[in-house]
Amino acid sequence: MTQSRFDGRRNALSAPPVQGSRALVTLHFRTMAPTSDPTAQPTPSPRPSGSPRERLQDARLYLCTDARRDRRGGLDLLDLVRAALRGGVDIVQLRDRSLDVVEELELLAALRDLTDEHGALLAVNDRADVALAAGAAVLHTGQRDLPVPVARDLVGEKALLGRSTGGGAQAAAADADPDVDYFCVGPVRSTPTKPGRAAVGLDAVRQVAAGQPTTPWFAIGGVDLQNVRQVVEAGARRVVVVRAVTEAPDPEAAARGLRTALTRALADDAGRTSAGAGQA
Ligand SMILES: Cc1ncc(COP(=O)(O)OP(=O)(O)O)c(N)n1
Ligand SMILES: Cc1nc(C(=O)O)sc1CCOP(=O)(O)O
Ligand SMILES: [Mg+2]
């Protein structure tokens, strides 16, 4: 596992962190050890280079994961994320409220090395200060988190802002907001990963797709290999998953399988209908 330790100094080797109009946080990290497994085979990245906003346009598969402190008998966090990236994940979010800020920043520093190596995007959940400190490309907020204008003011213009919605008016508002770079629609199915949140169902996905949003959007909640085609047929072009990768016995194979299924379903759907043409 990569060892990244907080030392309060700027990492001269890394790209400068995204700066907000109000630079509340000036903490930076220095990577203390090689970031990749020297025995691992290099994986050619199919992902395009370009700005984070350009890469978001091409993103299809987004992984949220907790810190895997108990490992559940499987891979630790960095091995899991490395496997998921090899399998074709485009965006990785660390979502774990049990972490204190120092722990979260240490893990984010290591995750940033990994996502950078793979041309993927790193996302921080909820906290603008942590996103800034980690130099993450993406801050994701929900309906009960920082309001979008406040989040934008804190993280600055370069950062990508993601927003959770339950579809309907929330999705329409997110799509109309120029500060929202992407939004999510869910939970498509009820999920133990988000207890207490009622499923919005595939109808909500269909309704959002029918509105032909211009902002990139993802379906989330209970998405897996078995139902990803249905989700695409309902109009989604991108998906977020948690358990489908984090609880898989082979997370790399799981991510690759999802990616392949998504790509095939998208190609078939595009062949069946032109309604998807021009959709974000
Ligand atoms: C990519 C992505 N989509 C949705 C969520 C959920 O956000 P939120 O509703 O704020 O709930 P928490 O994750 O904060 O519990 C997300 N985090 N990421
Ligand atoms: C983190 C999260 N947000 C949701 C939303 O609807 O906003 S659903 C969800 C959990 C998705 O987990 P899984 O893929 O394991 O079902
Ligand atoms: Mg949140």
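The present account deals with the structure reproduced in this document. (Residues numbered from 1 in each chain as written. Chains lettered and ligands numbered in written order. Predicted model: local features only at pLDDT ≥ 70, side-chain atom pairs only at ≥ 80, totals over all residues.)

**Concerning the nonpolar core**
Reasoning step 1: Core analysis: the largest hydrophobic core is formed by 79 residues, its most contacted members being Val-138 and Val-239.
Reasoning step 2: Those residues within four positions of Val-138 in sequence are excluded, and the remaining contacts are Ile-91, Leu-121, Leu-122, Ala-123, Val-124, Ala-159, Leu-160 and Gly-162. (Core = buried A, V, L, I, M, F, W, Y, C linked by C-beta atoms within 7 Å. Buried ≥ 20, exposed ≤ 12 C-beta atoms within 10 Å, placed from the backbone. Contact = placed C-beta atoms within 7 Å.)

**A closer look at the pairing of strand S5 (residues 121-125)**
Reasoning step 1: For S5, the tally of buried residues reaches 5 of 5 residues, placing the bulk of the element in the interior.
Reasoning step 2: Alternating positions in S5 separate into two faces, Leu-121, Ala-123 and Asn-125 on one and Leu-122 and Val-124 on the other, with burial throughout.
Reasoning step 3: Judged from the 4 bridges that link them, strand S4 (residues 91-94) and S5 form a sheet pairing that is parallel. Bridged to Leu-94 within S5 is Val-124.
Reasoning step 4: With helix H3 (residues 101-117) bridging S4 and its parallel neighbour S5, the resulting β-α-β unit is right-handed.
Reasoning step 5: As paired elements, S5 and strand S6 (residues 138-141) share 3 bridges and run parallel to each other. (Helix = DSSP H or I, 4+ residues; strand = E, 2+ residues; numbered from the N terminus. Pairing = 2+ DSSP bridges. Right-handed = clockwise from strand over helix to strand, strands pointing away.)

**Some words on the site of ligand 1**
Reasoning step 1: Every one of the 14 residues lining ligand 1 counts as a neighbour, but His-140, Gly-142, Ser-164, Cys-184 and Val-240 are closest to it.
Reasoning step 2: Sorting the residues of the shell around ligand 1 by element identifies strand S3 (61-65) and strand S7 (160-165) as the ones contributing at least two each.
Reasoning step 3: Along the lines of polarity and charge, the residues of the shell around ligand 1 split into 5 nonpolar, 6 polar and 3 charged. (Near = placed C-beta within 6 Å. Nonpolar A, V, L, I, M, F, W, Y, C, P; charged D, E, K, R; others polar.)

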